[in-house]
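Now for the letters of each chain:
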Amino acid sequence: MTDQRQRPRRRGQGELEVLVLTALREADGPASAGWVQERLGGDLAYTTVITILTRLLAKGAVTRERTGRSFAWTPASDQAGLAAHKMRKVLDAESDREAVLASFVTSLEPDDERLLRELLGRAKDERED
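**Student:** Tell me about the pairing of strand β2 (residues 70–75), and name the residues and values.
**Tutor:** Note: strand β1 (residues 62–67) against β2, six bridges, orientation antiparallel. Looking across to β2, one finds that threonine 63 is bridged to threonine 74. Following β1, the chain reverses through two residues before pairing antiparallel with β2; glycine 68 in that reversal takes a positive phi of roughly 70 degrees.

Right under this line is the structure:
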């Protein structure tokens, strides 16, 4: 007879990163990995939380400072910053940047295209100042 119980849905790495960053932003200051684990309901293993925090550190999304024998973690960027980092990583991995950017821009909705043009104009103005 087979076991009919369903295993919990496996979350993707990006989903876990968002959950961990959200928990850190809710902290009153730097937080331990144990605090993050508790905040997320304790269903994640401590080692999984450490792995996610270490990946976020490598991406520049969090910082850490030593507190005794462990670390206290602080968010360095928000979800938008993390998404922008992922987009940049994808762009940097492609050899034909022009084709990637052209494909991206032509796939935007009109409101998003307008917003992108506005943001590029602001960035240009800031560089000129």
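On we go from here.
**Student:** Break down the layout of surface pockets for me, citing the residues and quoting the values.
**Tutor:** Taking a probe equal in size to a water molecule and rolling it over the atoms shows the remaining empty space. Taken as a whole, the largest pocket holds about 520 Å³ of empty space. Going through the elements one at a time, α4 (79–92), α5 (97–106) and α6 (110–128) are the ones with two or more residues in the lining of the largest pocket. Ranked by residue count, the leading element in the lining of the largest pocket is α4, at five residues. Looking at the lining of the largest pocket residue by residue, the classes come out as 12 nonpolar, no polar and two charged.

**Student:** Just give me the short version of the pattern of salt bridges, but keep the residues and values in it.
**Tutor:** The final tally for this structure, using the stated rule, is seven salt bridges. For aspartate 92, the salt bridge is made with arginine 97, and the minimal N-O distance between the two is 3.0 Å. According to the relative accessible area criterion, aspartate 92 is partly exposed, its value standing at 43%. Using a relative accessible area of 34% as the deciding quantity, one classes arginine 97 as partly exposed.

The rules we used
- Residues numbered from 1 in each chain as written.
- Predicted model: local features only at pLDDT ≥ 70, side-chain atom pairs only at ≥ 80, totals over all residues.
- Heavy atoms only, no water.
- Pairing = 2+ DSSP bridges.
- Helix = DSSP H or I, 4+ residues; strand = E, 2+ residues; numbered from the N terminus.
- 1 Å grid on protein atoms, 1.4 Å probe; cavity = no way out; pocket = protein on both sides within 12 Å on 5 of 7 lines; lining within 4 Å.
- Points joined across faces, edges and corners; volume = space filled by probe spheres on them.
- Nonpolar A, V, L, I, M, F, W, Y, C, P; charged D, E, K, R; others polar.
- Salt bridge = Lys/Arg side-chain N within 4 Å of Asp/Glu carboxyl O.
- Buried < 20%, exposed > 50% of the residue type's maximum accessible area, 1.4 Å probe, protein only.

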